[in-house]
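For reference, the chains in residue letters:
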Amino acid sequence: MDWSDFSQLLAGFWVTIGVSLAAVCIGVPCGLGLALIRWRKIPGLDGMVATLVSFLRAIPSVTLILLVYFAFPGIGLSLNRMEAAIFVLAVGTMAFDCEIWRGALIAFPRDQLDAAIACGMPRGLRFRRIVLPQITRACLPALMNEISLVIKVSPAVAVIGLVDTTRAATRIGADTYEPLKAFLASFVLYAVLIAAILAAQRLVARRIGAPA
Amino acid sequence: MNAWLILAQHSGLILRGLLVTAEITVISAVLALLLGLFLFQLRLRFPLISPLVRGFIDLMRCTPFLIFLYLVYYALPGWGIELDAFNAGILALTLYNAAYFTELFSAAWAQFPREPVEAGLAFGFHGFGLFRRIILRPLIGIALPSLGNQTIQIIKDSAFLVIVTVQELTYAANEIQATYYIPFASFVVAALLYWGLCLIVEAGVRRSLRRSAQML
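Let us look at the structure shown here.

What counts, and where the lines are drawn
Residues numbered from 1 in each chain as written. Chains lettered and ligands numbered in written order. Predicted model: local features only at pLDDT ≥ 70, side-chain atom pairs only at ≥ 80, totals over all residues. Heavy atoms only, no water. Helix = DSSP H or I, 4+ residues; strand = E, 2+ residues; numbered from the N terminus. Buried < 20%, exposed > 50% of the residue type's maximum accessible area, 1.4 Å probe, protein only. Contact = heavy atoms within 4.5 Å. Areas by Shrake-Rupley, 256 points an atom, 1.4 Å probe, with all protein chains shown as cover. Lys, Arg positive; Asp, Glu negative; His and termini not counted. Charge placed at Lys NZ, Arg CZ, Asp CG, Glu CD. Salt bridge = Lys/Arg side-chain N within 4 Å of Asp/Glu carboxyl O. Patch = residues over 30% accessible without salt bridge, like charges linked within 9 Å, V, L, I, M, F, W, Y side chains within 5 Å. Axes fitted to C-alpha atoms, helices over the stretch in contact; angles between N-to-C directions. Left-handed = near helix turned anticlockwise from the far one by under 90°. Nonpolar A, V, L, I, M, F, W, Y, C, P; charged D, E, K, R; others polar.

1. Points about the overall build of chain B
Turning to step 1, where the next piece is worked out: A count of helical and extended segments in chain B gives nine helices and zero strands.
Turning to step 2, where the next piece is worked out: For chain B, the succession of helices and strands along the chain, N to C, is α-α-α-α-α-α-α-α-α.
Turning to step 3, where the next piece is worked out: For chain B, the spread of C-alpha atoms along the three principal axes comes to 70 × 50 × 25 Å.
Turning to step 4, where the next piece is worked out: Burial statistics for chain B: of 216 residues in total, 46% are counted as buried.
Turning to step 5, where the next piece is worked out: Contacts in chain B between residues at least 24 apart in sequence constitute 77% of all its contacts with a sequence separation of at least 6.
Turning to step 6, where the next piece is worked out: Summed over all atoms, the accessible surface of chain B reaches about 11,000 Å², with 67% contributed by carbon and sulfur.

2. Details of the overall build of chain A
Turning to step 1, where the next piece is worked out: A tally of helices and strands in chain A yields eight helices and zero strands.
Turning to step 2, where the next piece is worked out: In chain A, the order of α-helices and β-strands from amino to carboxyl end is α-α-α-α-α-α-α-α.
Turning to step 3, where the next piece is worked out: Judged by the C-alpha coordinates and their principal axes, chain A covers about 70 × 45 × 25 Å.
Turning to step 4, where the next piece is worked out: Here chain A holds 212 residues, and 47% of them are scored as buried.
Turning to step 5, where the next piece is worked out: The long-range fraction of contacts in chain A, counting pairs at least 24 apart against all pairs at least 6 apart in sequence, stands at 76%.
Turning to step 6, where the next piece is worked out: Summing over all exposed atoms, chain A offers an accessible surface of approximately 10,200 Å²; the carbon and sulfur share of this is 66%.
Turning to step 7, where the next piece is worked out: Taking the 19 positively charged and 12 negatively charged side chains of chain A as two groups, their mean positions are separated by 12 Å.

3. Re the pattern of salt bridges
Turning to step 1, where the next piece is worked out: Scanning all chains against the criterion turns up eight salt bridges over all chains.
Turning to step 2, where the next piece is worked out: Note that aspartate 46 of chain A is salt-bridged to arginine 38 of chain A, the shortest N-O span being 3.2 Å. Comparing aspartate 46 of chain A with arginine 38 of chain A, the two get one shared label, buried.
Turning to step 3, where the next piece is worked out: Where arginine 43 of chain B meets glutamate 103 of chain B, a salt bridge forms, and the shortest distance between an N and an O atom there is 3.5 Å. Placement of arginine 43 of chain B in helix 2 (residues 11-45) and of glutamate 103 of chain B in helix 5 (residues 85-110) is noted, with a sequence separation of 60 residues between them.

4. Thoughts on a nonpolar patch on the surface
Turning to step 1, where the next piece is worked out: A grouping of Ile75 and Leu77 of chain A together with Trp4 and Phe184 of chain B is seen on the molecular surface, where their side chains present a nonpolar patch of about 380 Å² in accessible area.
Turning to step 2, where the next piece is worked out: Within the element layout of this structure, phenylalanine 184 of chain B appears in helix 9 (residues 183-215).

5. A look at the packing of helix 3 (residues 50-61) of chain B against helix 5 of chain B
All names here are of chain B.
Turning to step 1, where the next piece is worked out: Helix 5 packs onto helix 3 with a crossing angle of 115° between their chain directions and a minimal axis gap of 9 Å. Read as a crossing pair, helix 3 and helix 5 show a hand that is left-handed. Along the contact surface, helix 3 presents Val53, Arg54, Phe56, Ile57, Met60 and Arg61, while helix 5 presents Leu95, Tyr96, Ala99, Tyr100, Thr102 and Glu103.
Turning to step 2, where the next piece is worked out: Within the contact of helix 3 with helix 5, the residues separate by chemical class into eight nonpolar, one polar and three charged.

Structure, rendered in structure tokens:
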């Protein structure tokens, strides 16, 4: 592996980071939306969301990305590699984010809601001022852990030919006939990134302290 | 409409893929569970080895499974070990998940009540006998929900084995879609079958939890 190989690997690394970040930025708010649907127990939608989440949590990202990339054009939804990758990772993390948000919503103290109602706060304001800041705080460590999980499944996007870290390593391995070195290098990149995220997560969890 | 018919004609291929996925999951889950228990014991009893186990767990937690699979797949021949894709896949899944299982057992141990252990010691149990007869069952009971989730993770990670050409469920679906151009039908069916496998695991966990609740 020479310098040009390494710069290829780094280019792939940026794709990994970009795709994962985009997925998290889409998945976390969508997960909150789904969690709110389940929290309010909106008839009909509640059951549908529960089924969707159960399904999405079960299906492997590799299978899902093949489905999205090869089968969606057939139903009139053509996504390029990058879009398909972000979509699949976002949808995958959304299901888990929904469960994280829902856990915090279920644990949210009823008396605070009653107090807000007694103060005459309308529903939107109640959610924005009272509920959201507190559940965000409670969910932050779990959501940060989710980021590391997204990065860990992100190599799945390599199967459709998007050149992320993993795909770059495969290419370099094929060019240099030294796949082990290429994968070791990519392993170091992933491990450092994920270790950094987990360290940040522990820091945040400590700052927030034990749940009151 | 035609696509579903073609798929039905080749349902044997899909079923074989499903069986291979189930086989991979069961073998690696059982092996990872045993290895996880072993590492958990090592960590608990041998303070000298404990940092090594800790390091292994941290390393696995920071590695994407596919990268680990590639490393195992390409490193083994260099050490003179020749494994086919299937066995290399089982080995990678087992080692990777053993680290997570060890962590889950440690977490369960942290909330394990001290009284039964004290009582066991008072009755003269010690060492492996104490662990096997007094600790093991309730420990697995406490860890069961998270062990179930990790098994679901094994099912999902097993799909990565398609990349090193193991002929599991995703491989079968991909073969059929490539031959007959019916991507939608084949991948949707594969996805539903994965869902089915995960629901079976969840139902199993729920059942054993209910049963262990009845025993108490």
